[in-house]
Amino acid sequence: KLVSYLLEHFFRLLTVKNRLKEGLDIKNAVNKLKPPVFFKDKVIFEKQVLELTFDEINKMIKNLYHCKKNLINGNWSSSFSLLCVLLGFLRSDIK
């Protein structure tokens, strides 16, 4: 479930990034999401939209799909799979 939640979150980030590229401001782009972002999470969500690049978001989506596929196929345990994805993301953030 956590991997699916993270996938949904990163797709929502990507959707807002695309709306910003089309000329919408951050507030309107976030407010157009359905279901809406929880009001207590809006500030953090907007910060993530502005700080993450298209490439970083796409890479995370790709890695999460790979993780989900391995979980479904039984190739990895859920904790190992998620740990690999998160460590990979953190490692790319440190560089």
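For clarity, every value in this text was computed on a predicted model and none was experimentally measured.

J.: What's the story with the overall build of the protein chain in this structure? I'm lost.
T.: Assigned secondary structure in the protein chain consists of 5 helices and 0 strands. When each of the 95 residues of the protein chain is scored for burial, the buried share is 31%. Residue pairs in contact within the protein chain that sit at least 24 positions apart in sequence constitute 60% of those at least 6 positions apart. Surface summary for the protein chain: the accessible area is close to 6,700 Å², and the carbon and sulfur share equals 60%.

J.: Could you clarify how one ought to interpret helix α3 (residues 42-51) in this entry?
T.: Residues spaced three or four apart along an α-helix point in a common direction, a consequence of the helix completing one turn every 3.6 residues. Looking only at α3, the buried set comprises Phe45, Glu46 and Val49. The buried residues of α3 occupy an angular sector of 95° when projected down its axis, which confines them to one face. Opposite the buried face of α3, at more than 90 degrees from it, the exposed residues are Val43, Ile44 and Glu51.

J.: Looking at this structure, I do not really get unusual backbone geometry. What am I missing?
T.: Residue Lys34 is joined to Pro35 through a cis peptide bond whose omega torsion reads -10°. Summarising the element assignment, Pro35 is placed in the loop between α2 (26-31) and α3.

J.: Got a minute to help me understand the packing of helix α1 (residues 2-21) against α3 in this structure?
T.: Axis angle and axis distance: for two packed helices, these are the angle between their axes and the distance between the axes, and together they describe the pair. Between α1 and α3, the shortest axis-to-axis distance is 10 Å and the interhelical angle comes to 65°. Here α1 lies roughly perpendicular to α3, going by the angle between them. Where α1 crosses over α3, the handedness of that crossing is right-handed. Packed against α1, whose contacting residues are His9, Arg12, Leu13, Val16, Lys17 and Leu20, the element α3 presents Phe45, Gln48, Val49 and Leu50 at the interface. Looking at side-chain class alone, the contact of α1 with α3 contains 6 nonpolar, 2 polar and 2 charged residues.

What counts as what
- Residues numbered from 1 in each chain as written.
- Predicted model: local features only at pLDDT ≥ 70, side-chain atom pairs only at ≥ 80, totals over all residues.
- Heavy atoms only, no water.
- Helix = DSSP H or I, 4+ residues; strand = E, 2+ residues; numbered from the N terminus.
- Buried < 20%, exposed > 50% of the residue type's maximum accessible area, 1.4 Å probe, protein only.
- Contact = heavy atoms within 4.5 Å.
- Areas by Shrake-Rupley, 256 points an atom, 1.4 Å probe, with all protein chains shown as cover.
- Arc of directions from axis to C-beta.
- Axes fitted to C-alpha atoms, helices over the stretch in contact; angles between N-to-C directions.
- Parallel < 35°, antiparallel > 145°, perpendicular 65-115°, else oblique.
- Left-handed = near helix turned anticlockwise from the far one by under 90°.
- Nonpolar A, V, L, I, M, F, W, Y, C, P; charged D, E, K, R; others polar.

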